[in-house]
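What the coordinates show
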Amino acid sequence: MTETVLIAGASGIVGSAAAAVMREAGWTVLGLARNPTGQEGVTPVAADLQDPESLRAALAPHRPTRLVLATWMRRPTEAEMIRVNGAMVRNLLDALRPAGTLRHAALVTGLKHYLGPFEAYGKGAVPQTPFREEQGRLPVENFYYAQEDEVFAAARRDGFSWSVHRPHTIIGKAVGNAMNMGTTLAVYATLCRETGRPFRFPGSAMQWNGLTDMTDARLLARHLLWASTAPQAANEDFNVVNGDVFRWSWMWGRIAARFGIAPAPFDGTVRPLEAQMAEDGPLWAEIANRHGLAEPRLDRLASPWHTDADLGRPIEVVTDMGKSRRLGFLDYQPTDDAFQDLFERLRADRLIP
């Protein structure tokens, strides 16, 4: 039987990688978005996750057997994030119910499951690292928990299986993505090279000196494919990281070398990128014009607020992958190679010079 997967967020950093991997596996791929972009081998489905009627109308002709939920909407408060993002998941699952064909739903969240929401990110009591799935939820409101609860309720009601995937910071290519550290650092390095500014690590001493890990979007996509079909992965939650660990004190110099610049010494001072890049929109537009780049808007490429949140954490964040390994997912991706692959793709697509 040919599988048909519906990807909510198909043009994003996770969804686009999942679309490519599942298309290569021979699946029919439907890409759901308010304003779908042209993606090779992806059938666009135009609908608004906040509008139940538009969802029902757009999905009526389709019979997906698998679902990937890889989208969310940022709001000013966690209470509003819970209301909006929980409703988006509920609306989509309700719209798929009449077809009765869905067999598995895969939800992508992240390590804020353990770290807490943006309002209290990495503050207060957090579980011991490495984070393990058995550690469960924090006693705080979190929109990830609301998304999970909507999936769990619909799965019980409609009889499909589910999986939850918790990546660390994701490395991958997407334009207009709300959280994209790799492209943000590529843009920052380009600005430093073009202007002669020092390429300074913007984060905390803990992140500079401590161990950490990351998640390649391509590895996450393969994990989504595996969990969507492997019987042993049904109704399980998973951490998803590359499998290596590193220190930013090592990685920062490697990133600098990719752009032909020297890393500035780190003196322990936090220098947020959001402040450093606040006035760089016109400068980036000028760089884009000079080099013939495809995207002149800085805010479409860089998400410095998110990079600051991750690199400014006062705690070490390392993630355990033992559960996936024991159940049969053995993929591995060196993180420095993931950065290099991304930078090469950005250059090939004329997003950085």
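Here goes a summary of the coordinates provided. This structure is a prediction, so every number in the text was calculated from the model and none was measured. (Residues numbered from 1 in each chain as written. Predicted model: local features only at pLDDT ≥ 70, side-chain atom pairs only at ≥ 80, totals over all residues. Heavy atoms only, no water.)

**Description of the overall build of the chain**
Selection criterion: Helix and strand assignments follow DSSP, with helices taken as H or I runs no shorter than four residues and strands as E runs no shorter than two, numbered in order from the N terminus. Atoms considered for the radius of gyration are the C-alpha atoms alone. The globule rule reads 2.2 Å times the number of residues to the power 0.38. Here, Shrake-Rupley sampling with a 1.4 Å probe gives the accessible areas, and only protein chains in the shown set may cover a residue. Counted charges follow a simple rule, with Lys and Arg positive, Asp and Glu negative, and His plus the chain ends left uncounted. Where a charge lies is defined by one atom per residue type, namely NZ (Lys), CZ (Arg), CG (Asp) and CD (Glu).
The secondary structure content of the chain amounts to 14 helices and 11 strands. Whereas a compact globule of 353 residues would reach a radius of gyration of roughly 20 Å, the chain reaches 20 Å, a difference of no more than 12%. As presented, the chain carries roughly 14,300 Å² of accessible surface, and 49% of it is formed by carbon and sulfur atoms. Here the chain contributes 38 positive and 40 negative side-chain charges, whose respective centroids are spaced 1 Å apart.

**Quick word on helix 11 (residues 281–291)**
Counted only if it meets this: Partly exposed residues are those whose accessible area sits between 20% and 50% of the maximum for their type, while under 20% is buried and over 50% is exposed, using a 1.4 Å probe and protein chains only. What the arc covers is the set of directions going from the helix axis to the C-beta atoms. The contact criterion used is simple: two residues touch if any of their non-hydrogen atoms lie within 4.5 Å.
All buried positions along helix 11 are accounted for by Trp284, Ile287 and Ala288. For helix 11, the angular spread of buried residues about the axis comes to 100 degrees, placing them on one side. Facing away from the buried side of helix 11 by more than 90 degrees, the exposed set consists of Pro282 and Asn289. Buried-residue contacts for helix 11 involve helix 6 (181–195). Gly292 occupies a position one or two residues after helix 11 and carries a positive phi of about 70 degrees.

**Brief notes about the sheet that holds strand 2 (residues 28–33)**
Quick reminder of the rule: Following DSSP output, two strands are said to pair if at least two bridges run between them. What counts as an axis is a line fitted to C-alpha atoms, over the stretch in contact for a helix, and the angles between N-to-C directions run from 0 to 180 degrees.
Here we have seven strands laid out as an open sheet, ordered 3-2-1-4-5-6-10, and parallel in their pairing. Edge positions in the open sheet fall to strand 3 (42–46) and strand 10 (236–240), since each of these has one partner strand only. Along the sheet, successive strands turn relative to each other by an average axial angle of 20 degrees, direction set aside. Where strand 6 (residues 161–167) and strand 10 come together, five bridges link them in parallel fashion. Bridged to Ser163 within strand 10 is Glu236.

**Regarding unusual backbone geometry**
A cis amide bond links Thr129 to the next residue, Pro130, at an omega of -5 degrees. Relative to the helices and strands, Pro130 is located in the loop between helix 4 (112–115) and helix 5 (143–158). For Asn235, which is not a glycine, the phi torsion comes out positive at approximately 60 degrees. Along the chain, Asn235 turns up in the loop between helix 8 (217–229) and strand 10. With a phi close to 55 degrees, Arg350 is a non-glycine residue in the positive phi region.

**Remarks on the packing of helix 3 (residues 78–96) against helix 5**
The condition that has to hold: The labels follow the angle: roughly parallel below 35 degrees, roughly antiparallel above 145, roughly perpendicular from 65 to 115, and oblique for the rest. It is the rotation of the near helix from the far one that decides the hand of a crossing: anticlockwise by less than a right angle makes it left-handed, clockwise makes it right-handed. Only Asp, Glu, Lys and Arg are considered charged in this grouping, and only Ala, Val, Leu, Ile, Met, Phe, Trp, Tyr, Cys and Pro are considered nonpolar; every other residue, Gly among them, is considered polar.
Viewed as axis vectors pointing N to C, helix 3 and helix 5 meet at an angle of 25 degrees, and their least axial separation amounts to 8 Å. By the angle between their directions, the pair helix 3 and helix 5 is classed as roughly parallel. When you trace helix 3 past helix 5, the crossing you get is right-handed. Residue-level contacts link Glu78, Met81, Ile82, Asn85, Gly86, Val89, Arg90, Leu93 and Asp94 of helix 3 to Phe143, Ala146, Gln147, Glu150, Val151, Ala154 and Arg157 of helix 5. The residue makeup of the contact of helix 3 with helix 5, split by class, is eight nonpolar, three polar and five charged.

**Some details on the nonpolar core**
Quick reminder of the rule: Side-chain atoms within 4.5 Å are what join buried Ala, Val, Leu, Ile, Met, Phe, Trp, Tyr and Cys residues into a set we call a nonpolar core.
Residues Phe199, Trp248, Ile255, Trp284 and Phe339 are the most contacted members of the largest nonpolar core, which totals 39 residues. Among the elements of the structure, helix 6, helix 9 (248–258), helix 11 and helix 14 (335–348) are those that each provide at least two residues to this core. It is helix 6 that provides the largest number of residues to this core, a total of eight residues. Those residues in contact with Trp248 that lie beyond four places of it in its chain are Met181, Leu185, Phe201, Gln207, Trp208, Gly210, Thr212, Met214, Ile255, Leu311 and Phe339. Val5, Ile13, Ala217 and Ala227 belong to the second largest nonpolar core, which has 34 residues in total.

**Topic: the pairing of strand 4 (residues 66–69)**
Our working definition: Classification remark: right-handed applies to a crossover when, strands pointing away from the viewer, the course from the first strand over the helix to the second runs clockwise.
Across the two faces of strand 4 the burial is the same, with Arg66 and Val68 and Leu67 and Leu69 all buried. The pairing of strand 1 (residues 4–8) with strand 4 spans four bridges and is parallel. Directly across from Ile7, in strand 4, lies its bridge partner Val68. Following the chain from strand 4 across helix 3 to the adjacent parallel strand 5 (residues 104–108), one finds a crossover that is right-handed.

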